[in-house]
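# Working through the structure, step by step
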Amino acid sequence: MSWEEMFKGDFAAEDVRAYGTLVENLHAVQNALAAMPMDREAIDGLAADLASWRDRLEPAVTDEQHQVNGRVAELPVRGHAMLPELRVSSRTKDRVEGTVRFGRWFMGGGMAVHGGAVSLLFDEVLGILASLAAGGITRTAYLHTDYRALTPIDTDLEAVAWIDRVEGRKWFVRGEIRHGDVVCAEGEGLFLRLLPEQGLGRRTED
Ligand SMILES: CCCCCCCCCC(=O)SCCNC(=O)CCNC(=O)[C@H](O)C(C)(C)COP(=O)(O)OP(=O)(O)OC[C@H]1O[C@@H](n2cnc3c(N)ncnc32)[C@H](O)[C@@H]1OP(=O)(O)O
């Protein structure tokens, strides 16, 4: 069973659109918040508003099989609000291509994307390909990122991933994030196709 089959929700088209709008608005808020100046009145007002959101959401918390976040196959990155919005334009078992735009929320410094966010994007795009190519649940064993040039925020970037080689259930996947002709970052990951008896991967004891 693939990640998508395991976690896909079965939501009505209208609900999918509504959730997409919610995530879009959330990202717009995050980007604007990350760019706000010191404004005590705004901060106090926003803190109170967010506390009311928390009071509204916390009583309804549900388990992973029933949450919406990350289970909406029809939305970019399955509607996973924590991820940068990768828009996949083509995907085969050999290659995944798409565009991504990191907002101000993901800035590290110097109007460039935080290095961890670049790795986050690689885990997603390489992971999509590994899962597709392996035809089952894969887990990242390692992920290596080379930062070649600052990755700019607020502009469309190209993200690509391809299979480097396969050894048994080990899938070595490579990728790039490009701004025009410039390679901003290169990623290389090892993804292990899980065995049925492994469930969803190795866990620590509670
Ligand atoms: C469509 C939806 C797409 C969704 C995309 C989302 C992608 C997101 C993916 C993730 O982020 S997953 C979260 C991050 N990863 C984890 O938390 C994984 C935690 N680790 C584990 O669960 C296990 O360590 C792991 C499944 C990765 C491997 O455990 P196994 O018991 O299956 O493998 P084992 O340790 O027996 O090693 C098998 C082979 O892999 C090799 N190997 C394992 N880990 C390695 C490593 N880190 N580096 C190099 N080689 C490694 C190991 O040497 C060995 O090589 P050989 O077969 O040649 O002897």
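A quick note: this is a predicted structure, and the numbers were derived from the prediction, not measured.

## Observations concerning the overall build of the chain
Scanning the chain from terminus to terminus reveals four helices and eight strands. Helices and strands appear in the chain in the N-to-C order α-α-α-β-β-β-β-α-β-β-β-β. What you see for the chain is a C-alpha radius of gyration of 18 Å, in line with the 17 Å of a compact globule of 206 residues. When its C-alpha atoms are laid out on the principal axes, the chain stretches across 60 × 40 × 40 Å. Counting across all 206 residues of the chain, residues that qualify as buried make up 33%.

## Structural notes on the UniProt feature "domain: Thioesterase" (unreviewed entry) in the chain
Mapped onto the present numbering, the UniProt feature "domain: Thioesterase" (unreviewed entry) falls on residues 113–182. Annotated as 29% helix and 47% strand, the span residues 113–182 places its first and last C-alpha atoms 15 Å apart.

## A short note on the nonpolar core
By size, the foremost hydrophobic cluster in this structure holds 28 residues, and its most contacted members are L86, F102, L121, V125 and V173. Among the secondary structure elements, those contributing two or more residues to this core are β2 (95–100), α4 (115–134), β6 (157–167), β7 (170–179) and β8 (182–193). With 11 residues, the single largest contributor to this core is α4. Setting aside anything within four residues of it in sequence, one finds V125 in contact with L86, V96 and A161. Of all hydrophobic cores here, the second largest spans six residues; its members include V16, Y19, V23 and V72.

## Some remarks on the environment of F191
With respect to the element layout, F191 can be found in strand β8. On the basis of relative accessible area, F191 is assigned to the buried category, the value being 1%. Separated by 13 residues in the primary sequence, F191 and R178 have C-alpha atoms spaced 23 Å apart. In contact with F191, not counting residues within four places along its chain, are D123, L126, G127, A130, T138, R139, T140, A141, R169, K170, W171 and V173.

## Comments concerning the site of the ligand
In the vicinity of the ligand lie 19 residues, with D123, R169, K170, Q198 and R202 positioned nearest. Between T140 and the ligand, the recorded distance is 2.9 Å, taken from a backbone N or O atom to a nitrogen atom. A total of 1200 Å² of accessible area belongs to the ligand in isolation, and the protein chains cover 59% of it. The set of elements that each furnish at least two residues to the shell around the ligand consists of α1 (3–7), α4, β5 (138–147) and β8.

## A word on the sheet that holds β6
Pairing within the open sheet is antiparallel, and its six strands lie in the order β1-β2-β6-β7-β8-β5. Unpaired on one side and paired on the other, β1 (86–91) and β5 mark the two borders of the sheet. Within this sheet the neighbouring strands show an average axis-to-axis angle of 20°, counted without direction. Sheet analysis places β6 next to β7, joined by nine bridges and oriented antiparallel. If you follow I163 over to β7, its bridge partner there is V173. Along the sheet face, α4 touches β1, β2, β5, β6, β7 and β8 and points at about 135° away from the line of β5.

Rules used throughout
Residues numbered from 1 in each chain as written. Predicted model: local features only at pLDDT ≥ 70, side-chain atom pairs only at ≥ 80, totals over all residues. Heavy atoms only, no water. Helix = DSSP H or I, 4+ residues; strand = E, 2+ residues; numbered from the N terminus. Rg over C-alpha atoms; globule rule 2.2 N^0.38 Å. Buried < 20%, exposed > 50% of the residue type's maximum accessible area, 1.4 Å probe, protein only. UniProt positions renumbered as here; feature names shortened; annotations may be inferred. Core = buried A, V, L, I, M, F, W, Y, C linked by side-chain atoms within 4.5 Å. Contact = heavy atoms within 4.5 Å. Near = heavy atom within 4 Å. Polar contact = N/O pair within 3.5 Å; in protein donor to acceptor, adjacent residues only side chain to side chain. Areas by Shrake-Rupley, 256 points an atom, 1.4 Å probe, with all protein chains shown as cover. Pairing = 2+ DSSP bridges. Axes fitted to C-alpha atoms, helices over the stretch in contact; angles between N-to-C directions.

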